[in-house]
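Observations on chain architecture
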Amino acid sequence: PNPPAEAPPRAPLFPGAREAMARLSVAALLALAVPAVALIAPPRVARPARGGVASLRSAGDASPKKVVVLGGDGFCGWPTSLHLSDQGHEVIIVDNLSRRNIDNYLGCESLTPIETIDERVRVWNAVSGNKMRFEYMDVAKDYDLLVKLLRDEKPDAVVHFAEQRAAPYSMKNSRTKRYTVDNNLSGTHNLMCAVVDSEQDIHVVHLGTMGVYGYGTSGGEIPEGYLDVTLKDGRQQSILHPAYPGSVYHATKCLDALLFQFYQKNDGLRVTDLHQGIVWGTNTPQTIRDERLVNRFDYDGDYGTVLNRFLMQAALGIPLTVYGTGGQTRALIHITDTAKCIELAINNPPQAGDKVEIFNQVAETRRVRDLANMISERTGVEVRNLANPRREDAENELEVSNAGFRSLGWTPTLLDDGLFDEVTNVAMKYRGRCRQDKVLPSSFWNKKTAAACETDPNRFEEKGAAPAV
């Protein structure tokens, strides 16, 4: 569905604190051709399994399949669609283009210029020799069309990206909160019902989020979806990991998980739910084949993911915006690995009667301030602490298992493996499209964080003042 038509009242600003400044020149960005392994402190890599390396499973069925990609025009959906097509799968993109409409609502486009979806598909088919297709549809509203599509096309799998994906946007105001719930839950439930009504044996692969586990200190390794517990009477049981959402967006993903559990139990649907970390990077081996295939690059306070936002800010000489102390630990994954993991999930579906398959789609974890300081030290762009617009722990530890995908042969792309230069070059190339007034956060979790911003000296741009010396 289309996002709200009129802009909401501007939220009040919030307060903040300072952080250390770095010293090297902005010109150092252009020297990022040095191996990125030299750029970063040692990461905390997601654990393959307790006690050692995950045992390898079968590589699955890699034969060509027909795949419907819901939300295939978006940041994760577009490169995944191209990757699947490039691997020989028949891909049908379904999208209502709502993310493009949200650009209009926010007054902030992708840093990279995005062609129309028809042009994107035409160019891909021309350069690849494949026949990817696009169908305009709102899966949250056009139920009959969705059922007809599944009956007519009889896909082997449906990949479900068709949800409003930004936590800050979901907290912006009551309209965006309600839109996120209405769109995400209606879309997911319609898909479950449509698979049942289509009477087809379709594997559903859903892109979820690590945020379903919450962002407090985990107190130990977070398993993949299920938790083995001992009840008071001594019985052993495997339960769905407790949900602890930190935003309306994350709450919808938790509710998605319950819908999957019900429809698997009630109707025997085969579902794989992927709890993904924060995505970084822009292009993939497919999107670089023609400039018109370029992926989205969001940098604004609502949709810009943390590492991409930092790299864009450094490229333009904008202070790196760290929320609170920067002690939040986040799980990360490169956009290329998103597409690879989706294909692995498609090729390794649960069998009939199996419980919902859950993978943690994560490469590694990092503290936000460590990312910012690393980039700052290489580029000379200062780190600026802002009061955290979110309601979350100031500091947290995060230890995550990713044994499932590793057992299927996945080798994660780590920050140390490079690709910072690719993101930076994209930011430099399109820096003229940046609206610097959209970089600071403009969505706040509650009235307290919103009201406090009025005294934040580090948001000096909004006050028409110079930075404090």
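This text follows the structure it describes.
From a predicted model like this one, the values you see are computed outputs, not experimental measurements. (Residues numbered from 1 in each chain as written. Predicted model: local features only at pLDDT ≥ 70, side-chain atom pairs only at ≥ 80, totals over all residues. Heavy atoms only, no water.)

Things to note about the overall build of the protein
- Broken down by element type, the protein carries 13 helices and 17 strands.
- Going through the 469 residues of the protein one by one, you find that 58% of them count as buried.
- Considering only intrachain contacts with a sequence separation of at least 6, the fraction spanning at least 24 residues in the protein is 85%.
- Surface summary for the protein: the accessible area is close to 19100 Å², and the carbon and sulfur share equals 52%. (Helix = DSSP H or I, 4+ residues; strand = E, 2+ residues; numbered from the N terminus. Buried < 20%, exposed > 50% of the residue type's maximum accessible area, 1.4 Å probe, protein only. Contact = heavy atoms within 4.5 Å. Areas by Shrake-Rupley, 256 points an atom, 1.4 Å probe, with all protein chains shown as cover.)

Quick word on the packing of helix α4 (residues 143–153) against helix α6 (residues 174–198)
- It is the contact of α4 with α6, at a shortest axis distance of 9 Å, that shows an interaxial angle of 45°. The angle between the axes of α4 and α6 places the two elements in the oblique class. Between α4 and α6 lies a crossing whose hand is right-handed. Mapping the contact onto sequence places Tyr143, Leu146, Val147, Leu150 and Arg151 in α4 and Asn190, Leu191, Cys193, Ala194, Val195, Asp197 and Ser198 in α6.
- Of the residues assigned to the contact of α4 with α6, the class counts are 8 nonpolar, 2 polar and 2 charged. (Axes fitted to C-alpha atoms, helices over the stretch in contact; angles between N-to-C directions. Parallel < 35°, antiparallel > 145°, perpendicular 65-115°, else oblique. Left-handed = near helix turned anticlockwise from the far one by under 90°. Nonpolar A, V, L, I, M, F, W, Y, C, P; charged D, E, K, R; others polar.)

Thoughts on the packing of aromatic side chains
- Applying the stated criterion across every chain, the model contains 6 aromatic pairs.
- Between the aromatic rings of Tyr169 and Tyr303, the centroid separation amounts to 5.7 Å while the plane-to-plane angle is 45°, which identifies the pairing as tilted. With Tyr169 in helix α5 (residues 167–170) and Tyr303 in the loop between β11 (278–280) and α8 (306–316), this pair connects stretches of sequence that are 134 residues apart. In terms of burial, Tyr169 and Tyr303 fall into one category: buried.
- With centroids separated by 6.0 Å and ring planes inclined at 75°, the aromatic side chains of Phe405 and Trp410 adopt a geometry described as edge-to-face. Trp410 carries the same exposure label as Phe405, and that label is buried.
- Grouped by ring-pair contacts, the aromatic residues Tyr105, Tyr169 and Tyr303 constitute a single cluster. (Phe/Tyr/Trp six-rings, centres within 6.5 Å; stacked < 30°, edge-to-face > 60°.)

A few points about unusual backbone geometry
- Its identity as a non-glycine residue notwithstanding, Lys154 has a phi of 50°, on the positive side.
- Its place among the elements puts Lys154 in the loop between α4 and β5 (157–160).
- Here Glu199, not a glycine, exhibits a phi torsion of approximately 60°, which is positive.
- Position of Glu199 relative to the elements: it lies in the loop between α6 and β6 (203–209).

Observations regarding the pairing of strand β3 (residues 90–95)
- Of all 6 residues that make up β3, 5 are buried, and the element is covered over most of its length.
- With 5 bridges joining them, strand β2 (residues 66–70) and β3 adopt parallel strand pairing. When the bridges of β3 are listed, Lys66 appears paired with Glu90.
- Each parallel crossover has a hand, and the one from β2 via helix α1 (residues 77–86) to β3 is right-handed.
- Where β3 lies against strand β4 (residues 133–136), 4 bridges are found, and the strand directions are parallel. Within β4, the position partnered with Ile93 by the bridge is Phe134. (Pairing = 2+ DSSP bridges. Right-handed = clockwise from strand over helix to strand, strands pointing away.)

Digging into the pairing of β6
- Most of β6 is tucked away: 7 of the 7 residues are buried.
- Burial along β6 is two-sided: the residues His203, Val205, Leu207 and Thr209 and Val204, His206 and Gly208 are all buried.
- In this sheet, β6 lies alongside β5 in parallel orientation, the contact comprising 4 bridges. Bridge pairing in β6 links Val158 to Val204.

Some thoughts on the nonpolar core
- In this structure, Trp78, Met132, Val159, Leu274, Ile342, Ile346 and Phe405 are the most contacted members of the largest nonpolar core, which totals 37 residues.
- Every element with two or more residues in this core is listed here: β2, α1, β3, α3 (117–128), β5, β6 and α9 (335–347).
- With 6 residues, the single largest contributor to this core is α9.
- Dropping the residues within four chain positions of it, Ile346 is found in contact with Lys65, Val67, Leu84, Ala157, Val159, His203 and Val205.
- Core analysis: the next-biggest nonpolar cluster, separate from the first, contains 35 residues, Leu191, Val212, Ile222 and Leu269 among them. (Core = buried A, V, L, I, M, F, W, Y, C linked by side-chain atoms within 4.5 Å.)

A few points about the pattern of salt bridges
- Counted according to the given criterion, the structure contains 29 salt bridges.
- Asp298 serves as the salt-bridge partner of Arg99, at 3.1 Å between the closest nitrogen and oxygen. Separated by 199 residues along the polypeptide, Arg99 in helix α2 (residues 98–106) and Asp298 in the loop between β11 and α8 bring together distant segments of the chain. For the pair shown, Arg99 and Asp298 are each scored as buried.
- Residues Asp152 and Lys148 are paired through a salt bridge, measuring 2.6 Å at the closest nitrogen-oxygen approach. Of this pair, Asp152 and Lys148 both sit in helix α4, 4 residues apart, roughly one helical turn. (Salt bridge = Lys/Arg side-chain N within 4 Å of Asp/Glu carboxyl O.)

Here we look at the packing of α6 against helix α7 (residues 248–267)
- Axis separation between α6 and α7 bottoms out at 10 Å; the angle between their running directions is 15°. Classified by the interaxial angle, the pair formed by α6 and α7 is roughly parallel. Between α6 and α7 the crossing geometry is right-handed. Of α7, the residues touching α6 (which contributes Lys177, Thr180, Val181, Asn184, Leu185, Thr188, His189, Met192, Cys193 and Val196) are Val248, Tyr249, Thr252, Leu255, Asp256, Leu259, Phe260, Tyr263 and Asp267.
- For the contact of α6 with α7, the per-class residue count stands at 11 nonpolar, 5 polar and 3 charged.

A closer look at the side chain of Asn402
- With respect to the secondary-structure elements, Asn402 resides in the loop between β17 (399–400) and α11 (403–407).
- Using a relative accessible area of 0% as the deciding quantity, one classes Asn402 as buried.
- A polar side-chain atom of Asn402 sits 2.8 Å from the main-chain carbonyl oxygen of Val362.
- Within polar-contact distance, the side chain of Asn402 engages the side chain of Arg406 at 3.1 Å. (Polar contact = N/O pair within 3.5 Å; in protein donor to acceptor, adjacent residues only side chain to side chain.)

Some thoughts on helix α12 (residues 420–429)
- Most of α12 is tucked away: 7 of the 10 residues are buried.
- Where the residues of α12 are buried, they touch β11, α8 and α10 (368–379).

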